[in-house]
Amino acid sequence: MNDKETLMDDIVNLCKRRGFIFPSSEIYGGYNGFFDYGPLGVELKNNIKKAWWQDMVHRRDDIVGLDSTIIHHPMTWKASGHVDNFTDPLVDCRESKMRYRADQLFFAPVVVAGEKIGYVSVLEDGDMQEKAEEAARDLKRRLAKQGELAPIVLKDYTEAKPDEYALIPSPATGKPGSLTPPRAFNMMFQTYVGALRDETAIAYLRPETAQGIFINYKNIIDTGRVKIPFGIAQIGKAFRNEINPRNFIFRSREFEQMEIEYFISPKADWKKIHQEWIEYCMNWFDGIGIPKSRLSLYQHPKEKLAHYSKGTTDIMFEYPFGVQELQGIAARGNFDLTQHQTVSGKSMEYFDDREPNKDDRKYIPHVIEPSFGVDRIVLAVLTAAYAEEEVEGEKRVVLRLHPRLAPYKAAVFPLVKNKPELVERAENLYRRLKRRWNVFYDAAGAIGRRYRRQDEIGTPFGITVDFDTLEKDGKVTLRDRDSLQQIRITEDELVAYLSEKIDG
Ligand code: GAP
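Sequence order sets the numbering: in each chain, residues are counted from 1 along the sequence as written. For a predicted model such as this one, the threshold for reporting local features is a pLDDT of at least 70, and the threshold for listing and counting side-chain atom pairs is 80 or more; totals across whole chains, interfaces and linings nevertheless cover every residue. To obtain the side-chain values, all non-hydrogen atoms of the structure were included, while hydrogens and water were left out.

A few words on the overall build of the chain. Within the chain, the regular secondary structure consists of 14 helices and 26 strands. C-alpha atoms of the chain, sized along the principal axes, occupy 85 × 75 × 50 Å. Burial analysis of the chain (504 residues in total) assigns 50% to the buried set. The Shrake-Rupley method, run with a 1.4 Å probe, gives the accessible areas here. Residue values count only the displayed protein chains as cover. For the chain, the exposed surface amounts to about 24200 Å²; the carbon and sulfur share of it is 49%. Helix and strand assignments follow DSSP, with helices taken as H or I runs no shorter than four residues and strands as E runs no shorter than two, numbered in order from the N terminus. A simple rule labels every residue: compare its accessible area, found with a 1.4 Å probe on the protein chains alone, to the largest value its type can have, and call it buried under 20%, exposed over 50%, or partly exposed in between.

The next thing to look at is the pattern of salt bridges. Salt bridges are defined by distance alone: a side-chain nitrogen of Lys or Arg within 4 Å of a carboxyl oxygen of Asp or Glu. Taken as a whole and judged by the stated rule, the model has 51 salt bridges. A salt bridge links Glu421 to Lys419; its shortest N-O distance comes to 3.9 Å. Relative accessible area serves as the criterion here: at 27%, Lys419 is assigned to the partly exposed category. In this structure, the salt-bridge partner of Arg488 is Asp466, at a minimum N-O distance of 3.0 Å.

Ordered in space as S7-S6-S8, the three strands form an open sheet in which the pairing is antiparallel. Each of the sheet's edge strands pairs with one partner strand only, and the pair in question is strand S7 (115-123) and strand S8 (155-156). With eight bridges connecting them, strand S6 (residues 105-112) and S7 associate as antiparallel partners. Bridging from a neighbouring strand, Val110 pairs with Gly118 of S7. The contact definition used throughout considers only heavy atoms, calling two residues in contact when any of these lie within 4.5 Å. Think of each axis as a best-fit line through the C-alpha atoms, taken over the contacting stretch in the case of a helix, with angles from 0 to 180 degrees between the N-to-C directions. With respect to the sheet, helix H5 (residues 128-142) is in contact with S6 and S7, its orientation differing from that of S7 by roughly 140°. Note: two strands are recorded as paired if DSSP finds a minimum of 2 bridges between them.

Helices are assigned an expected span. That span is 1.5 Å times one less than the residue count. The terminal C-alpha atoms of H5, which comprises 15 residues, lie 21 Å apart, in line with the 21 Å expected from a rise of 1.5 Å per residue. Taken together, the buried positions of H5 are Met128, Ala132, Ala136 and Leu139. The buried residues of H5 all sit within an arc of 80° when viewed along its axis, so they share a single face. The elements touched by buried residues of H5 are S6 and S7. Immediately beyond the C-terminal end of H5, within one or two residues, lies Ala144, with a positive phi of roughly 50°. The arc under discussion is defined with respect to the helix axis, by the directions toward the C-beta atoms.

With that out of the way, let us pick up the nonpolar core. What is meant by a nonpolar core is a set of buried Ala, Val, Leu, Ile, Met, Phe, Trp, Tyr and Cys residues, joined one to another through side-chain atoms within 4.5 Å. Formed by 60 residues in total, the largest nonpolar core has its most connected members in Trp277, Trp284 and Ile377. Per-element tally for this core: the top contributor is helix H10 (residues 374-385), with eight residues. Residues in contact with Ile377, not counting those within four places in the same chain, are Ile48, Met258, Trp284, Phe285, Ile288, Ile290, Leu326 and Phe372.

The next thing to look at is the site of the ligand. Here, proximity means that at least one heavy atom of the residue falls within 4 Å of the molecule or strand. Every one of the 20 residues lining the ligand counts as a neighbour, but Glu208, Arg240, Ser252, Glu259 and Glu325 are closest to it. For this analysis, a polar contact is any N or O atom pair within 3.5 Å, provided that within protein one partner can donate a hydrogen and the other can accept it, and provided that sequence-adjacent residues contribute only side-chain to side-chain pairs. At 2.8 Å, a side-chain N or O of Arg240 approaches an oxygen atom of the ligand. At 2.5 Å, a side-chain N or O of Glu325 approaches an oxygen atom of the ligand. Summarising the interface, the protein chains cover 91% of the accessible area of the ligand, which totals 560 Å² for the free molecule. Within the residue set of the shell around the ligand, elements represented by two or more residues are strand S13 (254-264), strand S16 (322-333) and strand S19 (366-373).

Here we come to the packing of aromatic side chains. Two aromatic rings, drawn from Phe, Tyr or Trp (for Trp, its six-membered ring), form a pair once their centres lie within 6.5 Å of each other, and the interplanar angle then sorts them: stacked below 30 degrees, edge-to-face above 60, tilted otherwise. Within this structure, the stated rule accounts for 23 aromatic pairs. Taken together, a centroid distance of 5.3 Å and an interplanar angle of 70° make the contact between Phe250 and Phe321 edge-to-face. Taken together, the positions of Phe250 in the loop between strand S12 (230-239) and S13 and Phe321 in the loop between strand S15 (311-319) and S16 put the pair 71 residues apart, joining distant regions of the chain. Phe321 shares its class with Phe250; the two are buried. Between the aromatic rings of Phe413 and Tyr451, the centroid separation amounts to 5.5 Å while the plane-to-plane angle is 80°, which identifies the pairing as edge-to-face.

Time to look at the pairing of strand S22 (residues 410-414). Within S22, five of the five residues are buried, which leaves it mostly tucked inside the rest of the structure. Every second residue of S22 is oriented toward a common face, with Ala410, Val412 and Pro414 on one face and Ala411 and Phe413 on the other, all of them buried. Summarising the sheet, S22 and strand S23 (residues 439-441) pair through three bridges and their orientation is parallel. Across the sheet, residue Ala410 finds its bridge partner in S23, namely Val439. In the classification by handedness, the crossover that spans S22, the intervening helix H11 (residues 420-434) and the parallel S23 is right-handed. By convention a crossover is right-handed if, when the strands point away from the viewer, the path from the first strand over the helix to the second runs clockwise.

Before going further, it helps to examine a nonpolar patch on the surface. A cluster of nonpolar residues, Ile70, Ile71 and Val193, forms a patch on the protein surface that exposes about 210 Å² of accessible area. Along the chain, Val193 turns up in the loop between strand S10 (190-192) and strand S11 (202-204). Only residues whose relative accessible area exceeds 30% and that take part in no salt bridge are eligible for patches, with like-charged residues grouped when within 9 Å of each other and nonpolar side chains (Val, Leu, Ile, Met, Phe, Trp, Tyr) grouped when within 5 Å.

Remark: helix H1 (residues 7-17) packs on H10, axes separated minimally by 11 Å, with the N-to-C direction vectors making an angle of 110°. Relative to H10, the element H1 is oriented roughly perpendicular. Contacts from Leu7, Met8, Ile11 and Cys15 in H1 reach Leu379, Leu382 and Thr383 in H10. Throughout, the ten residues Ala, Val, Leu, Ile, Met, Phe, Trp, Tyr, Cys and Pro are labelled nonpolar, Asp, Glu, Lys and Arg are labelled charged, and all others, Gly among them, are labelled polar. Counted by class, the contact of H1 with H10 contains six nonpolar, one polar and no charged residues. Here the word oblique covers every angle except those under 35 degrees (roughly parallel), over 145 (roughly antiparallel) and from 65 to 115 (roughly perpendicular).

Before going further, it helps to examine the environment of Pro169. Along the chain, the position of Pro169 falls in the loop between S8 and strand S9 (183-186). By relative accessible area, which is 8% here, Pro169 ends up buried. Between the C-alpha atom of Pro169 and that of Tyr119, which follows or precedes it by 50 residues, the distance is 6.7 Å. The residues touching Pro169, leaving out its near neighbours within four places in the chain, are Tyr119, Val120, Ser121, Gly174, Lys175, Pro176 and Leu179.

All right, on to the packing of helix H2 (residues 39-58) against helix H8 (residues 270-287) then. Axis separation between H2 and H8 bottoms out at 12 Å; the angle between their running directions is 135°. Between H2 and H8, the interaxial angle falls into the category oblique. Seen from above, H2 lies across H8 with right-handed handedness. On H8, the residues touching Ile48, Ala51, Trp52, Asp55 and Met56 of H2 are Trp277, Tyr280 and Trp284. Note: crossing handedness is left-handed where the near helix turns anticlockwise from the far helix by less than a right angle, and right-handed where it turns clockwise.

Geometric values such as these leave the question of function open.
Here is the structure:
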């Protein structure tokens with residue numbers, strides 16, 4: 001693990017420098033909350049999606065796939081509750097015009113020798129407690145108060161009492177009196193469909209892929225391949241007008257989700273199935289290079305559950321900016337299907353011919369929802385993989401990406417570039433490997449430097465064609481990015497080796 005303070009900056013810089021991720025619309029100064037994936041980033045992201053689809057859909061018998069539209073009939077969002085409830089608490093600073101999410105703005109009264117002398121406020125952050133304490137000491141100094149400073153107990157702004165709003169300083173100005181009470185702000189992006197621009201033409205960019213699954217549930221049941229318990233999986237873009245996008249791709253306004261709705265009988269033990277999904281997802285993360293030792297669980301308290309949820313557990317990851325949600329696993333009961341049945345008038349009932357009790361055979365299924373954020377996985381994978389170390393007296397940056405996820409699976413190098421037979425042999429090997437995998441060819445520069453360039457972008461295997469290849473054994477040198485071990489191997493052995501390491 002890399003616990004450097006600059007880790008986040010290092011990752012963001014590497015992403016920019018090597019073409020993983022760019023701020024969107026950068027030539028126009030960027031666009032807050034939007035990011036573009038460059039040539040290496042798109043490979044990494046696609047490999048994550050491919051691994052997920054393979055493991056969740058192809059390698060299981062009980063999950064089928066779907067690709068629904070991004071814009072659904074607007075009644076979808078009325079029925080799902082998003083039009084009325086998909087809100088975040090918004091606070092405005094009247095003076096600076098800054099906007100904050102109330103649950104990310106923390107405040108505390110400052111009490112000296114038993115007397116309340118004012119308030120401090122900080123934005124949610126790994127070291128917000130220290131920052132608040134520093135601000136409190138500063139306030140005490142400025143007001144020349146003597147005596148003991150009581151412990152600073154932070155609460156978020158949604159917990160502020162109405163008479164406290166005017167006393168809490170704005171994080172932008174440091175002065176009290178300009179923050180508004182929190183109000184509900186709907187996060188769905190609106191658009192218009194068709195030529196008219198009136199109320200009747202309003203539509204929404206989906207804020208989750210899940211509803212596309214619920215509104216296709218009946219189609220999938222009717223086409224007959226599935227029997228409860230079964231899941232429907234979908235990967236796709238989701239859009240949220242986040243009040244405060246931050247931490248690079250962690251919280252953005254356009255992102256990607258990989259979601260499964262796993263339909264179960266209302267009589268099934270949902271808590272057990274929910275728990276099984278939690279363990280399954282933790283193991284999946286571990287298997288793609290996000291170690292379990294850096295994951296933890298957070299169970300949402302009942303009063304903070306989303307409007308659709310009976311219980312939600314988040315899988316949390318140790319990001320450089322603190323432990324934060326990587327994935328949510330919710331038990332949604334039969335909320336969504338019941339809502340769509342009521343609003344559409346179409347039956348969402350399932351006929352369970354395997355249910356022994358005849359009276360219980362018709363029901364609306366319940367659902368467990370593992371919801372993965374692709375971009376948060378990209379960031380977790382990069383965080384877990386990034387390392388700086390010294391090799392042979394030289395600093396190297398290395399991304400220890402799992403071979404399944406690495407943008408390039410291998411790099412082929414002719415030892416020198418001015419020996420035509422060597423170059424030809426290396427190019428032939430490169431073309432052979434490229435038929436199966438994304439492989440890089442590099443003939444320029446000292447071999448050590450070529451290795452370093454590949455280490456930095458996570459290429460797990462370096463293959464060098466040298467004079468011995470031509471003149472002695474026909475073998476190539478295979479260098480392992482992580483162990484730095486080098487072995488001599490024939491081309492056929494190499495293909496078998498890579499196949500096992502990359503494709504599993
Ligand atoms: N269908 C349920 C649902 O959407 P959620 O907890 O709001 O639940 C699920 O989102 C996952 O989507 C999160 O765990 C996270 O990985 C990802 N996610 C949510 N908002 C995001 C954002 N603004 N930027 C990036 N990823 C986000």
